[in-house]
Amino acid sequence: MDAPRSKTVAPEPLESERPSATPAAPLVLPNAGGIPALPASSPHLTAAAKDYDVGAPVGPTPAMDFWEALYGRRSVRKFKGEAVPRELIDQVMHAGIWAPSSCNYQMWDLVAVDDPTVNAKLAALSSQMGNAPVNIVVSYGRDFSEEGWANVQSASALIQNMSLAAHVLGLGTFWITQMGDREKVRELVGLPYDRLVIAVIAVGFPKFAAKGGPKRRPLSVVAHYNHYAGKPIPSSTDPAHWSRDDLATYQRARVLNGLRHNKPRPWETRALLAMLERFVPDGRAELAAGDANAKRWLDVLPCTGILTERMSRERRGWRFDAVERTQDVCDFVAERTSPRAGTFLWPVPESAQGQGEPVPEAYDLVTCLFRVENLPPRDRPALFRALARWVKPGGSVIVGFVNRRSFHDWTEKLRARRGGPRGVEYVLSPDPNIGPFESLAPTEVEALAREAGLAVVERIGLQAVPQTEEIEFRARNFGARARSIANFAGGALGLVDRLGFVRSRWGRFQFVKLTRPSSR
């Protein structure tokens, strides 16, 4: 005879588990063909479901074609101030935990911060965490699945799921890796030490409708079958490790995909304006005599065109042209000037030999600002010979560069010692970064000029010490005490910067005015 079966009696729920007498009204969004919620009678909803997740949605799941979601998602940097309902946040995180993870460990823990007070503390660690009403801190087991960075890979898959889900729900996200001190982030949200903070995801309603997405490197360039057949872009910050083609590829990608929104830093703009005031007349008198009499200005290798745009606004009496390595980058620069600048290529690629017009050799002024430092040393003499060829006899060439004798290199070393990001994307250079970069000695630049047949007219140095705005910017992710010390030191050093001979010798930004002798 079979033994009598014992009854399973459900335990009395804890007080904290009892439903509220007046539950909050849930957010109502139609599923509209999305993932159907499991019915109350579903066999999956057993007592054991408390111990594992069966994939039932926890919030709205509006329908969207997968490919539309994949190709339509955008990184959002500006959000509306309105709060995000927690039902939506829960669904975003729920989508995340259904990502694959190494060995299916699922050692992730998420903290969604929607408390303005806590978010303000996060923003004090990194300004990037101060833009959205919600910051989701993503962590993973510190000592789990470290081989091959599997812990980071697992968390990254979760983040991608969350980003796509947020887009489907009408939210925007921004994947933040520059969090300042990740251990302070962890402590601030109460995560234990054995959780490693991988990233923070800013979440909110987008302030503006997304436009067309950034251009992507073509699949034919990045994808290969069975054996790699491409040429990787170097990660070294040393220009000697880069070829002309490497620079062209990198800068094209940076301009077309990531740098169009960048603006020059205030201290750099101030240096540029000081140079214009010293070296370049406004040209309005010649323009008033007729467009044919307007002076011609060629800006060489402007890359993003940020400085070109500002110079064309400040000196409206000049007619601008630009010369770059690739046509699409040159066109991007030309669109930033009014009237639209003419465009030329240098060096002319083999595929374009015999096409288009060569760079005219008839400019009143040729400028090359903070681009010599970007070139491999072997290519610098050719650049200076081209500058000398393009300026007409008696015309001027202005070369701007970062001084090796200045504080610039020390700043880069200190940043590296503090554990700052490494790699070419983060090398310290006038903003925005355009690839490898090394500071130059004034004697090097003047020697290159003389070898090309250019005569030195005058050189000025600016900003021998970090400017107040730069100190505030560089120290924005420091602790309060460190920021105070940095600001105090900057104020004291500012007194030294008033001395002309100090700026001339040790100023970070150097501008040398050259001329092509008429008798050459």
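The residue numbers shown here count from 1 along each chain, following its written sequence. Reporting in this predicted model follows two pLDDT cut-offs: at least 70 for local features of residues, and 80 or more for side-chain atom pairs to be given and counted; totals over whole chains, interfaces and linings ignore these cut-offs and use all residues. To obtain the side-chain values, all non-hydrogen atoms of the structure were included, while hydrogens and water were left out.

Draft legend 1. Geometry of the environment of tyrosine 140. By the element assignment, tyrosine 140 lies in strand β2 (residues 134-141). Taking the C-alpha atoms as reference points, tyrosine 140 and tyrosine 105, separated by 35 residues in sequence, lie 10.0 Å from one another. When checking whether two residues touch, look at their non-hydrogen atoms; a contact exists if any pair is within 4.5 Å. Excluding residues that lie within four positions of it along the chain, tyrosine 140 makes contacts with Ser101, Tyr105, Gln106, Met107, Trp108, Asn151, Ser154, Ala155, Asp194, Arg195, Leu196 and Ile198. Where helices and strands are cited, they refer to DSSP runs of H or I of at least four residues and of E of at least two residues respectively, numbered from the N terminus.

Draft legend 2. Fine view of the confidence of the model for the protein chain. Along the chain, pLDDT gives the predictor's confidence residue by residue, from 0 to 100. Looking at the protein chain, the pLDDT average stands at 83 and 78% of residues meet or exceed 70. The model gives residues 1-26 a pLDDT under 50, and that stretch makes four contacts with residues more than four places away or in other chains. Scored below 50 in pLDDT, residues 38-47 makes seven contacts in the model with residues more than four places away or belonging to other chains.

Draft legend 3. Structural detail: the environment of threonine 173. Mapped onto the secondary structure, threonine 173 falls in strand β3 (residues 172-176). Along the chain, threonine 173 and asparagine 135 lie 38 residues apart, while their C-alpha atoms are 9.4 Å from each other. Apart from the residues lying within four places of it in its own chain, the contact partners of threonine 173 are Arg74, Ser75, Val76, Phe79, Ser163, Ala166, Ile201, Ala202 and Val203.

Draft legend 4. Examining empty space enclosed by the protein more closely. Using only the protein atoms, space was sampled on a 1 Å grid; points where a 1.4 Å probe fits but cannot get out form cavities, open sets with protein on both sides within 12 Å along at least five of seven lines form pockets, and lining residues are those with an atom within 4 Å of a point. Grid points are joined across faces, edges and corners, and a volume is the space filled by probe spheres set on the points. Counted under the stated rule, the structure contains four cavities of 30 Å³ or more. What lines the second largest cavity is simply Asp299, Val300, Leu301, Pro302, Gly305, Ile306, Leu307, Thr308, Met311, Leu369 and Arg371. Secondary structure elements with two or more residues in the lining of the second largest cavity: β5 (295-300) and α10 (306-314). In terms of residue count, α10 provides more of the lining of the second largest cavity than any other element does, four residues in total. When its residues are assigned to classes, the lining of the second largest cavity shows seven nonpolar, two polar and two charged. Amino acid classes used here: Ala, Val, Leu, Ile, Met, Phe, Trp, Tyr, Cys and Pro are nonpolar; Asp, Glu, Lys and Arg are charged; the rest, including Gly, are polar.

Draft legend 5. Spotlight on the sheet that holds strand β7 (residues 342-345). Only strands joined by at least two bridges in the DSSP assignment are considered to pair. Spatially, β7-β6-β5-β8-β9-β11-β10 is the arrangement adopted by the seven strands of the open sheet, whose pairing is mixed. Both edges of this open sheet fall to β7 and β10 (455-462), since each of them pairs with a single strand only. On average, each strand axis in the sheet is tilted by 20 degrees relative to the strand beside it, whichever way the strands run. Where β10 and strand β11 (residues 509-515) come together, seven bridges link them in antiparallel fashion. Across the sheet, residue arginine 459 finds its bridge partner in β11, namely valine 512. Together, β9 (391-402), β10 and β11 form the strand contacts of helix α14 (residues 442-451), whose direction differs from that of β10 by roughly 155 degrees. Here an angle of 0 to 180 degrees is reported between the N-to-C directions of two axes, which are lines fitted to C-alpha atoms, with helices fitted over the stretch in contact.

Draft legend 6. Representation of the pattern of salt bridges. We define a salt bridge as a side-chain nitrogen of Lys or Arg found within 4 Å of a carboxyl oxygen belonging to Asp or Glu. Going through the model one piece at a time under the given rule, you end up with 21 salt bridges. The partner of glutamate 458 in a salt bridge is arginine 278, and the shortest N-O contact between them spans 2.4 Å. Of the two residues, glutamate 458 is situated in strand β10 and arginine 278 in helix α8 (residues 266-279); the sequence distance between them amounts to 180 residues. Per-residue accessibility, obtained with a 1.4 Å probe over protein chains only, is compared with the maximum for each type, and a residue is labelled buried under 20%, exposed over 50%, and partly exposed between these values. For glutamate 458, a relative accessible area of 26% corresponds to the partly exposed category.

Draft legend 7. Examining the packing of aromatic side chains more closely. The criterion for an aromatic pair is that two Phe, Tyr or Trp rings (for Trp, the six-membered ring) have centres within 6.5 Å, with stacked assigned to planes under 30 degrees apart, edge-to-face to planes over 60 apart and tilted to the rest. Under the counting rule described, the total for this entry stands at nine aromatic pairs. Judged by centre distance (5.9 Å) and plane angle (70 degrees), the rings of phenylalanine 370 and phenylalanine 511 are edge-to-face. Of this pair, phenylalanine 370 sits in the loop between β8 (363-369) and α12 (380-390) while phenylalanine 511 sits in strand β11, placing them 141 residues apart in sequence. Looking at phenylalanine 370, the relative accessible area reads 8%, which means it is buried. Overall, phenylalanine 511 belongs to the buried group, its relative accessible area being 1%. Every member of this aromatic cluster is reached through a ring pair, and the members are Phe66, Trp67 and Tyr71. Definition used: whenever NZ (Lys) or CZ (Arg) falls within 6 Å of the ring centre and also within 35 degrees of the ring normal, the charge is taken to sit over that ring. Taking the ring centre of tyrosine 193 as reference, the NZ or CZ of arginine 142 above it sits at 3.9 Å.

Draft legend 8. View of the pairing of β3. With respect to burial, β3 is a largely interior element, four of its five residues being buried. Inspection of the sheet shows β3 paired to strand β4 (residues 195-204) by five bridges, in the antiparallel sense. Bridging across to β4, glycine 172 finds its partner in glycine 204.

Draft legend 9. Just the packing of α8 against α10, in detail. For the pair α8 and α10, the least separation of the axes is 11 Å and the interaxial angle reads 45 degrees. Taken as axis vectors, α8 and α10 run oblique relative to one another. Crossing hand, α8 versus α10: right-handed. Contact with α8, carried on its side by Thr269, Leu272, Leu273, Met275 and Leu276, involves Leu307, Arg310, Met311 and Glu314 of α10 and no other residues of that element. Here the residues of the contact of α8 with α10 sort into six nonpolar, one polar and two charged. Angle categories: roughly parallel below 35 degrees, roughly antiparallel above 145, roughly perpendicular from 65 to 115, and oblique for all the rest. In a left-handed crossing the near helix is turned counterclockwise from the far helix by less than a right angle, and in a right-handed crossing that turn is clockwise.

Draft legend 10. Summary view of the packing of helix α2 (residues 86-96) against helix α4 (residues 150-168). Put simply, α2 and α4 touch, their axes get as near as 7 Å, and they point 140 degrees apart. Considering the angle they form, α2 stands oblique to α4. The hand of the α2/α4 crossing is right-handed. In contact with Val92, Met93, Ala95 and Gly96 of α2, α4 contributes Leu158, Asn161, Met162, Ala165 and Ala166. Of the residues in the contact of α2 with α4, the class split is seven nonpolar, two polar and no charged.

Draft legend 11. Focus on unusual backbone geometry. For the peptide bond that leads from serine 338 to proline 339, omega is -5 degrees, which places it in the cis range. Tracing the chain through its elements places proline 339 in the loop between α11 (327-334) and β7. A cis amide bond, omega -15 degrees, links tryptophan 346 with the succeeding residue proline 347. Here proline 347 lies in the loop between β7 and β8. The backbone of asparagine 226 shows a phi angle near 70 degrees, a positive value even though the residue is not glycine. Its place among the elements puts asparagine 226 in the loop between α6 (219-222) and α7 (244-257). Under the relative-accessibility criterion, asparagine 226 is labelled exposed at 86%. A positive phi is found at glutamine 463, a non-glycine position, where the angle reads about 60 degrees.

Draft legend 12. Broad picture of the side chain of threonine 367. Here threonine 367 lies in strand β8. For threonine 367, a relative accessible area of 0% gives the class buried. With residues near it in sequence (within four places) discarded, threonine 367 still touches Trp297, Leu298, Asp299, Val300, Met311 and Ile398.

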